[in-house]
Amino acid sequence: MKSTCEHLRSITVNGRFLSQPITGVQRYAIELLNALDILLQINSIEQVPVTVLAPQDAREIPRWGSLRVEKVGRLSGQLWEQLDLPIHARGSLLFTPCGGAPVVHRPHVITIHDAGPFSTPGTYTVAYRSYYKALQKILTRTAVHIITVSEFSRQELMGFLRIPPERITAIPLSGEHILRHRPDDAVLTRYALQPGRYILGVGSKNPNKNLSGLTQAAGYLPAGSPEIVIAGGSNHSVFANAQDSPAGIRELGFVDDSELRTLYESAGCFLFPSFYEGFGLPPLEALTLGCPVVVARAASLPEVFREIATYCDPRSPQDIAGQVSRVLAGGHPSRESLVAFASQFTWERCAKETWKILSEALNR
């Protein structure tokens, strides 16, 4: 019996993410492809043609040297992914770095970042979780291989979707991309923030981010403590019951990468009391810049951040506040240690491990 990947000589990437706002999963896709492009340019990996297919409404297209980008089809969103994409990806191995993939294109590798629609269904809209639960049940049975971002997510996906261990691999992410951006100190002036005198939170208004716990913790901080500021947006088409920031919490909304770098570098600490994370990219970005982090002892976070983070009980505002106060008082590893820990995570490593899986699928 012939392999489904026999005679394939090229890789196509599902570039739907180029038409979406940048959150953690889109960041992963962009940075992974940036690293693959460099590896191909320096002949560090096998020279295989790679084409990124994107819908017509794709926004800013990265300038890659070895990866070709092509806008195809007439549809957008999920319809583009299920109908236009498989037509133009025909005859190639398809790699989907985030989101969904067309069910009719069988030779594919897909990255699923977490088991959120199965593990925490109440945090998503009914339409979103219903679609992705059904889609992932199909894709994980037909994919050549599944990639995820932590052993925690790997174990959850194996359990919910009955994926054999040999068909799913965990490959960690990196926060080093934040170093490419020049700091923009104007963001501090614009929001009247003083270095070291604010506690930073970053993330979309996903109920899993535990905005309520973060805001309740503010009431338990000692008088005169730095204020809490939150950077990030919201997506009501994905997340159910997205929480609004109450009085006493500074909400900055969207900030660009240069502004975000300054916010990380100037924060007294970074607070991430999330209930559920497949990996936890924002704390790693903070550590990359030497910012101490307080994260929840939950989901993948202890696996990823090991001894370098300060942990809190995400369901206890008192404990969140207590751990933040301890870090602000200097109870954290040196900033040099934080940077050294974060430097172990690189996009080059992520790209090489991903390419190994793609190459094996292509040549199988």
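Worth saying up front: this structure is predicted, and the values here are computed from it rather than measured. (Residues numbered from 1 in each chain as written. Predicted model: local features only at pLDDT ≥ 70, side-chain atom pairs only at ≥ 80, totals over all residues. Heavy atoms only, no water.)

## Here we look at unusual backbone geometry
The residue Ala 192 is not glycine, and still its phi comes out positive at about 55°. Along the polypeptide, Ala 192 turns up in the loop between α6 (186-190) and β8 (198-202). Positive phi, close to 50°, is recorded for Ala 299, a residue that is not glycine. As for its placement among the helices and strands, Ala 299 is situated in the loop between β12 (293-296) and α10 (301-305). (Helix = DSSP H or I, 4+ residues; strand = E, 2+ residues; numbered from the N terminus.)

## Examining the nonpolar core
With 78 residues, the main nonpolar core has Leu 263 and Phe 305 as its most contacted residues. Ignoring sequence-local partners within four residues, the contact set of Phe 305 consists of Phe 279, Gly 280, Pro 283, Leu 284, Leu 287, Tyr 311 and Phe 341. (Core = buried A, V, L, I, M, F, W, Y, C linked by side-chain atoms within 4.5 Å. Buried < 20%, exposed > 50% of the residue type's maximum accessible area, 1.4 Å probe, protein only. Contact = heavy atoms within 4.5 Å.)

## With respect to the side chain of Ser 266
Positionally, Ser 266 belongs in helix α8 (residues 257-266). Overall, the relative accessible area of 13% leaves Ser 266 in the buried class. Contact partners of Ser 266, with chain neighbours within four places excluded, come to Leu 188, Pro 195, Gly 196 and Tyr 198.

## Some points on the environment of Arg 141
By the element assignment, Arg 141 lies in helix α4 (residues 126-142). According to the relative accessible area criterion, Arg 141 is exposed, its value standing at 54%. Taking the C-alpha atoms as reference points, Arg 141 and Arg 167, separated by 26 residues in sequence, lie 9.8 Å from one another. In contact with Arg 141, not counting residues within four places along its chain, are Leu 161 and Arg 167.

## Here we look at the packing of aromatic side chains
Per the stated rule, a full pass over the model turns up 10 aromatic pairs. Note on Tyr 128 and Tyr 132: the rings are 4.7 Å apart at their centroids and 40° apart in plane angle, and the pair reads as tilted. Residue Tyr 128 and its partner Tyr 132 are both found in helix α4; the two are separated by four residues, about one turn of the helix. Owing to a relative accessible area of 25%, Tyr 128 belongs among the partly exposed residues under this scheme. Look at Tyr 132 and you get buried, because its relative accessible area is 7%. Pairing Phe 270 with Phe 272 gives two aromatic rings, centres 5.9 Å apart and planes at 25°, and the pair type is stacked. Three or more aromatic residues joined by ring pairs form one cluster here, namely Tyr 124, Tyr 128, Tyr 131 and Tyr 132. (Phe/Tyr/Trp six-rings, centres within 6.5 Å; stacked < 30°, edge-to-face > 60°.)

## Structural notes on the packing of helix α1 (residues 24-41) against helix α13 (residues 347-363)
Two numbers describe a pair of packed helices, the interaxial angle and the distance between the axes. With their axes 8 Å apart at the nearest point, α1 and α13 run at an angle of 80° to one another. As summarised for this structure, α1 and α13 are arranged roughly perpendicular, according to the angle between their axes. Residues Tyr 28, Glu 31, Leu 32, Ala 35, Leu 36, Leu 39 and Leu 40 of α1 form the contact with α13, whose participating residues are Trp 347, Glu 348, Cys 350, Ala 351, Lys 352, Thr 354 and Trp 355. Of the residues contributing to the contact of α1 with α13, the split by class is 10 nonpolar, one polar and three charged. (Axes fitted to C-alpha atoms, helices over the stretch in contact; angles between N-to-C directions. Parallel < 35°, antiparallel > 145°, perpendicular 65-115°, else oblique. Nonpolar A, V, L, I, M, F, W, Y, C, P; charged D, E, K, R; others polar.)

## Focus: the sheet that holds strand β3 (residues 68-71)
Read from one edge of the open sheet, seven strands run β3-β2-β1-β4-β5-β6-β7, paired in parallel fashion. Taken across any chain shown, the strands that pair with only one partner, and hence form the sheet edges, are β3 and β7 (168-170). Recorded for the sheet is a direction-independent mean angle of 20° between the axes of neighbouring strands. Running at roughly 145° to strand β2 (residues 50-54), helix α2 (residues 77-88) makes contact with β1 (11-14), β2 and β4 (93-96) of the sheet. (Pairing = 2+ DSSP bridges.)

## Looking at the sheet that holds strand β10 (residues 250-253)
Within the open sheet, the six strands sit side by side as β10-β9-β8-β11-β12-β13. Their pairing is parallel. The sheet terminates laterally at β10 and β13 (310-312), the two strands that pair on one side only. The mean inter-strand angle of the sheet, taken between neighbouring strand axes irrespective of direction, is 25°. The pairing of β12 with β13 spans three bridges and is parallel. Counterpart to Val 294 in the pairing with β13 is Thr 310.

## Side note on the environment of Leu 139
Relative to the helices and strands, Leu 139 is located in helix α4. Accessibility expressed as a relative area gives 0% for Leu 139, which makes it buried. Put simply, Leu 139 and Arg 349 are 210 residues apart on the chain and 26 Å apart in space, counted from C-alpha to C-alpha. Those residues within four positions of Leu 139 in sequence are excluded, and the remaining contacts are Gly 100, Ala 101, Pro 102, Val 103, His 108 and Ile 110.

## A look at helix α7 (residues 211-218)
Note on helix geometry: an α-helix contains 3.6 residues per turn, so any two residues three or four positions apart are oriented the same way. Those residues of α7 lying buried are Leu 211, Gly 213, Leu 214, Thr 215 and Ala 217. Next to the buried residues of α7 lie β9 (227-231), β11 (269-272) and α11 (317-328).

## Brief notes about the pairing of β4
Burial along β4 is two-sided: the face carrying Leu 93 and Phe 95 and the face carrying Leu 94 and Thr 96 are both buried. With three bridges connecting them, β1 and β4 associate as parallel partners. Each bridged residue has a counterpart across the sheet, and for Thr 12 the counterpart in β4 is Leu 94.

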